[in-house]
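These are the residues of each chain, in order.
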Amino acid sequence: MPNTRSWVPVPDGSDFPIENLPYGVFTAGGERLTPRVGVAIGDQVLDLSGALGDDVFATGSLNAFMAQGRGAWSDTRRRITELLAEERHRPEIEPHLVAMEDVRLHLPIEVADYVDFYASEHHARNVGSIFRPDGDPLTPNWKHLPIGYHGRAGTVVVSGTPVKRPHGQRKGPQDAAPTFGPSRRLDIEAEVGVVVGTASALGHPVPAGDFADHAFGLVLLNDWSARDIQAWEYVPLGPFLGKSFATSISPWVVPLEALEAARLPHPTQDPEPLEYLRSEEPWGLDLSIEIEWNGTVVSRPPFRQMYWTADQQLAHMTVNGASLRSGDLFASGTVSGPERTQRGSFLELAWNGSEPLRLAGGEERAFLEDGDTVTIRASAPGTGGARIGFGEVTGTIVP
Ligand code: MN
C-alpha cells in the first residue's frame, strides 16, 4: 500500500511508514560524529536533535528522553508525526533527513538491568522434553509465575555486532569429566524485548495496569545460547556463562503507541494466576516473527501464542519491591508456536541435533557453525492497515 500520509517517500513494504516512527541512535557523515537520536521513516532517518532543536536527542542514547515519561513520549510522537505529515513543514524538516544507507546505527539505549523470561509454553515444553525426558516437561511453578533470570546488561550489543563463539566447560551425558573449549552447540533464541523508559521507586511494586507508564517500546532480541555450557552449569541456579557472552538487539525501538492496532485479547489462563498477575482486560501482541539462517527462512514464530504477557512480566519482576531504572530491558523468552515451523531456537528446530535442518545452499545444520549468520525480523499490524516493521537483528558467528 503506497504511503500517502507523509511528504517523505515511503517505499511499498517498508518497515517504517509514518505510523511506526521507531527511535534509534545513529552517526552519519564526517561532520556528524556525535551519536544522536533519530526516527526511521521509509529509507531515511530524521535527526531529532536538529529537527526538534532539543539537546535531549544529542546525548548518545535514548535514556534521557525515555526518563521524561509517557507524556513527553506522546507529545514528541505527535509532533514528529505532524512535521512529517504536513507539507508546510517540509522546508524546515527536510534538511534533517539522512539516507538510511549513510548512517551507522548504535545500541539505542544504555542498558540498565537485563532480565530474560521463559514465557512460551511451547518452548518450555520442548526444552523440558529435551533436557528432562523422564519428567514433566513443565516445572510445577511454570503456570503460576513468569519464570525468568537476571542476565548480563553489559553484553547486550546492537544488531550487526559479530558474535565470538564462547569457550567454557562442557560435559555431555556420556563424558566422565568436563572438558574446556569452544561451544559445540551454539544456538539462538528469537525473542521480543521490552525497553523500560521510566523508573520506579525501590519498595514499590509496579502493577500490571501501569505497564504503559513505564514501557517505552519494543525491540527484537536474539539471546545467543551455548547449549553445552548451559546444560552443564544451569542446575541449580539457572543460566550463567552459557548466555552472558552476547545478547543482540535490533537498533530501532518501536514505541508502544505504534502497536495499538496489534493488541489482542489474551486467552484465559488456567489455573488463574494470583491477584497481582491479573488484569481487567488481558492483552497480547500480534507480532509475526521470521528467523533466517544463512539466507533460508527456517521458522515463523507467532508472538500471540505466548502464555505470559509483557505486563504480567513487569508486575512479577517488581512485585518483591525491586525498582526499575530507565534503560532496563526485559525479554519475552524464546517465542515458539505449536507447529514445528514455528519454533524459536535451533535446539527445538533440529530437536537437540537429531533432526538437522537443510538450508538453501544444501548445507545441513543442527547448531551454529563459524561464519553462519542469523537474522530475525518481525512485523505487526499498524493503524489504518499500515505494517509496523521492527527492522532486524542480525549477527554472524566468528571463531
Ligand atoms: Mn532466552
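Residues numbered from 1 in each chain as written. Predicted model: local features only at pLDDT ≥ 70, side-chain atom pairs only at ≥ 80, totals over all residues. Heavy atoms only, no water.

Q: Can you help me understand the overall build of the protein in this one?
A: For the protein, the helix and strand inventory stands at nine helices and 26 strands. By the compact-globule yardstick of 21 Å for 399 residues, the protein fits well, its C-alpha radius of gyration being 21 Å. Across its three principal directions, the C-alpha atoms of the protein cover 70 × 50 × 35 Å. Counting over 399 residues, the protein shows a buried share of 56%. (Helix = DSSP H or I, 4+ residues; strand = E, 2+ residues; numbered from the N terminus. Rg over C-alpha atoms; globule rule 2.2 N^0.38 Å. Buried < 20%, exposed > 50% of the residue type's maximum accessible area, 1.4 Å probe, protein only.)

Q: How should I be thinking about the environment of Gly-128 in this particular structure?
A: Relative to the assigned elements, Gly-128 resides in helix α5 (residues 121-131). Relative accessible area serves as the criterion here: at 0%, Gly-128 is assigned to the buried category. Sequence separation between Gly-128 and Leu-138 is ten residues, and the spatial gap between their C-alpha atoms is 6.3 Å.

Q: Please clarify how the packing of aromatic side chains should be interpreted in this entry.
A: Two aromatic rings are characterised by how far apart their centres lie and by the angle between their planes. One pass over the full model with this rule turns up twelve aromatic pairs. Between Tyr-23 and Phe-65, the ring centres sit 5.3 Å apart and the planes meet at 45 degrees, which makes this aromatic pair tilted. Residue Tyr-23 is located in strand β1 (residues 23-28), and its partner Phe-65 is located in helix α2 (residues 63-66); the two are separated by 42 residues in the primary sequence. Classification of Phe-65 as buried rests on a relative accessible area of 0%. Three or more aromatic residues joined by ring pairs make a cluster, and in this case those are Tyr-23, Phe-57, Phe-65, Trp-73 and Phe-216. Over the ring of Trp-283 we find Arg-263, and its NZ or CZ is 4.0 Å from the ring centre. (Phe/Tyr/Trp six-rings, centres within 6.5 Å; stacked < 30°, edge-to-face > 60°. Lys NZ or Arg CZ within 6 Å of the ring centre and 35° of its normal.)

Q: What exactly am I supposed to notice about the sheet that holds strand β9 (residues 163-164) here?
A: Within a beta sheet, neighbouring strands are joined by backbone hydrogen bonds and run either parallel or antiparallel to one another. Ordered in space as β9-β26-β25-β20-β21, the five strands form an open sheet in which the pairing is mixed. Strand pairing shows two members of the sheet lacking a second neighbour, β9 and β21 (296-299), which therefore form its edges. In terms of strand pairing, strand β20 (residues 288-293) meets strand β25 (residues 373-381) through six bridges, oriented antiparallel. Looking across to β25, one finds that Glu-290 is bridged to Arg-377. (Pairing = 2+ DSSP bridges.)

Q: Hey, could you run me through the pairing of strand β6 (residues 114-117) in this one?
A: The side chains of a regular strand alternate, residue by residue, between the two faces of the sheet. Alternating residues of β6 divide into Tyr-114 and Asp-116 and Val-115 and Phe-117, and every residue in both groups is buried. Judged from the three bridges that link them, β6 and strand β22 (residues 329-331) form a sheet pairing that is parallel. The residue bridging Asp-116 from the neighbouring strand is Ala-331, located in β22. Taken together, the three bridges between β6 and strand β7 (residues 148-150) define a ladder with antiparallel strand orientation. Along β7, the bridge assignment pairs Asp-116 with Tyr-149.

Q: What am I meant to see in the pattern of salt bridges here?
A: Here the structure, examined in full by the defined rule, presents 28 salt bridges. Two residues, Arg-377 and Glu-292, come together in a salt bridge whose shortest N-O distance is 3.0 Å. Placement of Arg-377 in strand β25 and of Glu-292 in strand β20 is noted, with a sequence separation of 85 residues between them. With a relative accessible area of 27%, Arg-377 lands in the partly exposed category. The class for Glu-292 is buried, based on a relative accessible area of 18%. For Arg-340, the salt bridge is made with Glu-355, and the minimal N-O distance between the two is 2.8 Å. Placement of the pair is Arg-340 in the loop between β22 and α9 (346-349) and Glu-355 in the loop between α9 and β23 (357-358), with a sequence separation of 15 residues. A relative accessible area of 40% places Arg-340 in the partly exposed class. When its relative accessible area of 31% is taken as the criterion, Glu-355 is described as partly exposed. Put simply, Asp-187, Glu-189, Asp-223, Arg-227 and Lys-243 are held in one network by salt bridges that share partners. (Salt bridge = Lys/Arg side-chain N within 4 Å of Asp/Glu carboxyl O.)

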